[in-house]
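One letter stands for each residue in the lines below.
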Amino acid sequence: MKEKTVSQLAKLMADEKIIAILKATKNKKGLTSKEISKKTNIPANKLYYSIKKMLDQGLLEISQKQNINNFQEFYYSSYKMTHQNPKTFPSLESDSERGISISISWIKEHNKEIVKMIIYETQQFLEALQSDVQKYGSGKETAEGIRTVASKSSLKLSETAEKKLMKDIFLLLTEAEKNDKEKDKRTVNLLLEKW
């Protein structure tokens, strides 16, 4: 993906109107522009340009069309964008010595989807962080229920140690759900990036 395309996509997805549309259209069936307008409180006449840009970038798709008299009504869905398909991204085989192995050809083939997913997930993290800051922002109390945590580390590792670290992290993530015997569960979103 060209750098200009990535920055255009990032700029588009930084728009609060775009995020509101993505959230409103998360189901497979999709919504009409009138329904999107009602759900997002964005006037219908201000939606058309955004919807077209989102369609062009693959953030939305037309999930169905209905003919009403001489008029075609379109339903727009962000389901594919907002719900990661397990078949799209490689999964960890816990008995593999290699962990996850992604070929260059796979990355090239799915580059746009990877960029969209990272930008979308980062935006979701920032929204959760802002929510936590508003909820726990006074600094006087401890934030036991805080949802957002960020950590940045720069390590000096050999190639072997780097591979072992990544394998250990993926195995830890895989086992965390299996080992949780509690009944009261919530979704915990993690985005691990390494470069």
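## Comments concerning the overall build of the protein chain
Then, in step 1: Assigned secondary structure in the protein chain consists of eight helices and two strands.
Then, in step 2: Taken from N to C terminus, the helices and strands of the protein chain fall in the order α-α-α-α-β-β-α-α-α-α.
Then, in step 3: Within the protein chain, buried positions represent 25% of all 195 residues.
Then, in step 4: Taking as baseline every contact in the protein chain between residues at least 6 positions apart, the subset at least 24 positions apart corresponds to 57%.
Then, in step 5: Of the roughly 15100 Å² of accessible surface on the protein chain, a fraction of 51% belongs to carbon and sulfur atoms.

## Some remarks on the pairing of strand 1 (residues 61-68)
Consecutive residues of a regular strand have side chains that alternate between opposite faces of the sheet.
Then, in step 1: Looking at chain direction, strand 1 and strand 2 (residues 71-77) are connected through seven bridges and run antiparallel. Across the sheet, the residue bridging to Lys65 is Phe74, located in strand 2.
Then, in step 2: Hairpin connection, strand 1 to strand 2: the antiparallel pair is bridged by two residues, and Asn69 has positive phi, about 55 degrees.

## Here we look at a nonpolar patch on the surface
Then, in step 1: Taken together, Leu173, Val188, Leu190 and Leu192 make up a surface patch of nonpolar side chains, about 400 Å² in accessible area.
Then, in step 2: Within the secondary structure, Leu190 sits in the segment after helix 8 (159-179).
Then, in step 3: Residue classification places Leu190 among the exposed positions, given a relative accessible area of 64%.

## Remarks on the packing of helix 2 (residues 16-24) against helix 7 (residues 111-136)
When two helices pack together, their arrangement is given by the angle between the helix axes and the distance between those axes.
Then, in step 1: It is the contact of helix 2 with helix 7, at a shortest axis distance of 12 Å, that shows an interaxial angle of 100 degrees. Classified by the angle between their axes, helix 2 and helix 7 sit roughly perpendicular to one another. Contacts between helix 2 and helix 7 pair Ile19, Leu22 and Lys23 from the former with Tyr120, Gln123, Gln124 and Glu127 from the latter.
Then, in step 2: Grouping the constituent residues of the contact of helix 2 with helix 7 by class yields three nonpolar, two polar and two charged.

## Observations regarding unusual backbone geometry
Most of the time, phi is negative for any residue but glycine, and the peptide bond is trans.
Then, in step 1: You will see that Asn41, though not glycine, has its phi angle at about 60 degrees, which is positive.
Then, in step 2: Of note, Asn41 is situated in the loop between helix 3 (33-40) and helix 4 (48-57).
Then, in step 3: Residue Asn41 is classed as exposed on the basis of its relative accessible area, which comes to 69%.
Then, in step 4: In this structure, Asn69 takes a positive phi of about 55 degrees despite not being glycine.

## A short note on the confidence of the model for the protein chain
Then, in step 1: On average, residues of the protein chain carry a pLDDT of 80, and 84% of them reach 70 or more.
Then, in step 2: Mean pLDDT values for the elements of the protein chain range from 76 in helix 6 (residues 104-109) up to 94 in helix 3.

## Some details on the nonpolar core
Nonpolar side chains tend toward joint burial in soluble globular proteins.
Then, in step 1: Met13, Ile21, Leu22, Ile36, Met54 and Leu59 are the most contacted members of the largest nonpolar core, which has 21 residues in total.
Then, in step 2: Not counting the four nearest positions on each side in its chain, Met54 is found in contact with Ile18, Ile21, Leu22, Leu59 and Leu60.

## Structural notes on helix 3
Then, in step 1: Residues Ser33, Ile36, Ser37 and Thr40 constitute the buried set of helix 3. Taken around the axis of helix 3, the buried residues stretch over an arc of 100 degrees, which confines them to a single face. Exposed side of helix 3, more than 90 degrees from the buried face: Lys34, Lys38 and Lys39 are the residues found there.
Then, in step 2: Structurally, helix 3 contributes buried residues whose contacts are with helix 2, helix 4 and strand 2.
Then, in step 3: A positive backbone phi angle near 60 degrees is found at Asn41, which sits one or two residues after helix 3.

## Describing the pattern of salt bridges
Then, in step 1: Counting across every chain of the model gives seven salt bridges.
Then, in step 2: Between Lys23 and Glu127 there is a salt bridge; the shortest N-O distance is 2.0 Å. With Lys23 in helix 2 and Glu127 in helix 7, this residue pair connects regions lying 104 residues apart in the sequence.

Reading the values: the criteria
Residues numbered from 1 in each chain as written. Predicted model: local features only at pLDDT ≥ 70, side-chain atom pairs only at ≥ 80, totals over all residues. Heavy atoms only, no water. Helix = DSSP H or I, 4+ residues; strand = E, 2+ residues; numbered from the N terminus. Buried < 20%, exposed > 50% of the residue type's maximum accessible area, 1.4 Å probe, protein only. Contact = heavy atoms within 4.5 Å. Areas by Shrake-Rupley, 256 points an atom, 1.4 Å probe, with all protein chains shown as cover. Pairing = 2+ DSSP bridges. Patch = residues over 30% accessible without salt bridge, like charges linked within 9 Å, V, L, I, M, F, W, Y side chains within 5 Å. Salt bridge = Lys/Arg side-chain N within 4 Å of Asp/Glu carboxyl O. Axes fitted to C-alpha atoms, helices over the stretch in contact; angles between N-to-C directions. Parallel < 35°, antiparallel > 145°, perpendicular 65-115°, else oblique. Nonpolar A, V, L, I, M, F, W, Y, C, P; charged D, E, K, R; others polar. pLDDT = per-residue confidence, 0-100. Core = buried A, V, L, I, M, F, W, Y, C linked by side-chain atoms within 4.5 Å. Arc of directions from axis to C-beta.

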